[in-house]
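Chain by chain, the residues run as shown.
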Amino acid sequence: MIPDDALDALKARNPVPAVAGQWVKLRKGSSKYKRHGFTGPCPVCSQSLQSGTAGRFECSDDEWICAVCHDKGDVIKLVQKREGIGFREAIERLGGAREEKPTRELAHRAGLRAHAAGEPLGDVPSPYGANPDLRHAWVTGWTTGAERERIAAQMRERELGYLRAFWTAGERWPGTPVEDYLACRGVVLPANARLKYHPAMPLFADGRTREPLLVHRGPAMLAAFRAGDDKGTFRGLHITWIDTAADKCKAIVRHPHTGEVLPSKKMRGSKSGCYLDLGGAQEPRRIIAGEGIETVAAVYTAYVRCGLDMSATALRAAGDIGNLAGRALQPIAHPYAKTENGRVQRVPGPEPDLASPAMPVPDSVVELVLLGDGDSDPFLTRNALERASYRHARPGRLIRRRFAPDGLDFNDVMQGKD
């Protein structure tokens with residue numbers, strides 16, 4: 001057994017951004033970790049490791065999370081996933097664990113860990129005996145963890161309140177610029193799709209909680225992330241800023257200081273284990289599901305134009321491939337992709353971690369159509385849809401996997417691109 005103090009010291013010597021930054025290009029600031037974190041390509045599943053616009057991976061000194069891997073953890077887990085190695089080998093790659101003399105920093109980290117493990121303050125003796133300085137540092141760590149948790153919960157609730165207010169203020173989408181946006185993308189959706197139009201949705205350049213930089217306010221399509229419970233509880237918001245005169249009919253907004261083109265789509269709140277309701281049957285026998293709104297809408301449009309019966313079909317989007325398929329049990333070697341230093345690229349495998357959340361599918365569904373975009377890495381996408389197939393398999397349920405041509409998504413196909 002490796003002592004906890006030795007593991008804490010190892011993590012302190014190896015901050016996640018420093019380790020991840022050996023493999024990928026990170027930039028400061030992210031929605032999850034505010035100004036104290038970094039975002040960029042994922043060291044595990046991204047092919048373009050030096051992309052300056054990728055945002056699937058976010059990290060702070062002590063933890064990381066990836067929206068595509070649908071996974072998270074500490075620096076040891078990152079090395080394990082990236083290199084495809086075991087726990088002890090990952091520790092050796094990070095310089096090895098060694099016996100550590102207790103310090104105030106290590107005692108503070110031990111207190112944080114004790115709080116995260118649910119140990120009640122006062123009921124569990126300090127691991128540092130009668131040493132008053134270390135005991136105080138341990139208690140401070142425990143209370144710091146409790147305070148972080150309280151503040152994080154408050155921030156989540158406050159953000160959810162803001163998002164819910166924007167959703168409530170939105171208009172029903174038929175007859176609004178949202179309908180024009182969908183037409184511009186060459187698609188239609190059922191009139192009961194849970195979309196809304198907001199005429200002046202704010203777009204902020206970063207995730208700062210104090211004095212965030214407002215860079216744009218304009219028309220937007222809103223979709224609510226719903227939990228899989230009976231009430232379809234509101235959990236977050238999918239926002240697309242629209243401009244039918246622009247490329248792909250999405251607003252082009254540049255950062256006023258750097259000139260960088262900012263994402264015209266954002267997902268705020270929680271999407272994990274949730275879905276976007278794009279309309280159709282209320283008690284469906286079939287569901288068509290994919291990552292994005294436009295992808296699912298394109299396939300629905302094609303079915304309608306072919307005269308197929310859609311009366312028992314519902315449409316859902318997951319927001320991203322990670323939420324569509326859920327977490328993989330383990331990464332596997334990519335058959336041909338390599339990192340920039342020639343190492344074999346490792347990506348989430350086809351076997352699902354059933355303990356992790358993913359987009360829900362009602363028990364009433366006897367046919368599930370899973371859509372894979374062709375403009376993402378095909379091996380990663382096929383693994384993801386295989387995970388989703390395993391996850392949602394039921395006796396008597398037919399699961400179909402459909403993939404867009406390489407380099408395209410289904411909306412590109414609908415618009416005649418090649």
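Since the model is a prediction, treat every value here as computed from it, not as a measurement.

> Which residues make up the environment of G407, and what values do they have?
Among the secondary structure elements, G407 is positioned in the loop between β19 (398–403) and α11 (410–414). In this structure, the C-alpha to C-alpha distance between G407 and P378, residues 29 residues apart in sequence, is 9.1 Å. If we skip the residues at most four places from it in the chain, G407 touches G374, D375 and D412.

> Let's hear about helix α7 (residues 177–184): which residues, and what values?
Those residues of α7 lying buried are V178, Y181 and L182. An end-on view of α7 places all buried positions within 95 degrees of arc, on one side of the element. The elements touched by buried residues of α7 are β7 (195–204), β8 (214–227), β9 (234–241) and α8 (293–305). Following α7 by one or two positions, G186 has its phi on the positive side, about 75 degrees.

> Kindly report on the state of the cysteines, identifying the contributing residues and their values.
Tallying each qualifying case throughout the model produces one disulfide. For C184, the disulfide goes to C249, at an S-S distance of 1.8 Å. Where C184 bonds to C249 through sulfur, the torsion about that S-S bond is close to -70 degrees, and the disulfide is left-handed. Taken together, the residues span a long stretch of sequence, with C184 in helix α7 and C249 in the loop between β9 and β10 (253–254) at a distance of 65 residues. With relative accessibility at 27%, the residue C184 sits in the partly exposed group. The closest cysteine sulfur to the non-disulfide-bonded C42 is located on C66, 3.7 Å from its own sulfur.

> Outline the pattern of salt bridges, supporting the account with residue identities and numerical values.
Inspection of the entire model under this criterion finds 18 salt bridges. Residue R109 pairs with D62 through a salt bridge whose shortest N-O separation is 3.3 Å. Of this pair, R109 sits in helix α5 (residues 104–116) while D62 sits in the loop between β3 (57–59) and β4 (64–66), placing them 47 residues apart in sequence. On the basis of relative accessibility, which here comes to 37%, the residue D62 falls in the partly exposed class. Its salt-bridge partner being E159, residue R268 comes within 2.7 Å of it at the nearest N-O pair. Taken together, the positions of R268 in strand β12 (residues 265–269) and E159 in helix α6 (residues 132–169) put the pair 109 residues apart, joining distant regions of the chain. Owing to a relative accessible area of 24%, E159 belongs among the partly exposed residues under this scheme.

> Describe the side chain of K81, and please don't skip the residues or the numbers.
Here K81 is to be found in helix α3 (residues 75–83). A distance of 3.1 Å separates polar atoms of two side chains, one belonging to K81 and the other to D71. Those residues in contact with K81 that lie beyond four places of it in its chain are V44, D71, A328, L329, Q330, P331 and R346.

> Requested: an account of the side chain of T381, with residues and values cited.
Turning to its location among the elements, T381 is positioned in helix α10 (residues 378–392). Contact partners of T381, with chain neighbours within four places excluded, come to I321, G372, D373, S376 and F403.

> Can you lay out unusual backbone geometry for me, pointing to particular residues and giving the numbers?
One non-glycine residue, K248, adopts positive backbone phi at about 55 degrees. One can find K248 in the loop between β9 and β10. Despite not being glycine, C249 has its phi angle at roughly 65 degrees, a positive value. Overall, the relative accessible area of 4% leaves C249 in the buried class.

So, how was this worked out
- Residues numbered from 1 in each chain as written.
- Predicted model: local features only at pLDDT ≥ 70, side-chain atom pairs only at ≥ 80, totals over all residues.
- Heavy atoms only, no water.
- Helix = DSSP H or I, 4+ residues; strand = E, 2+ residues; numbered from the N terminus.
- Contact = heavy atoms within 4.5 Å.
- Buried < 20%, exposed > 50% of the residue type's maximum accessible area, 1.4 Å probe, protein only.
- Arc of directions from axis to C-beta.
- Disulfide = S-S within 2.5 Å.
- Salt bridge = Lys/Arg side-chain N within 4 Å of Asp/Glu carboxyl O.
- Polar contact = N/O pair within 3.5 Å; in protein donor to acceptor, adjacent residues only side chain to side chain.

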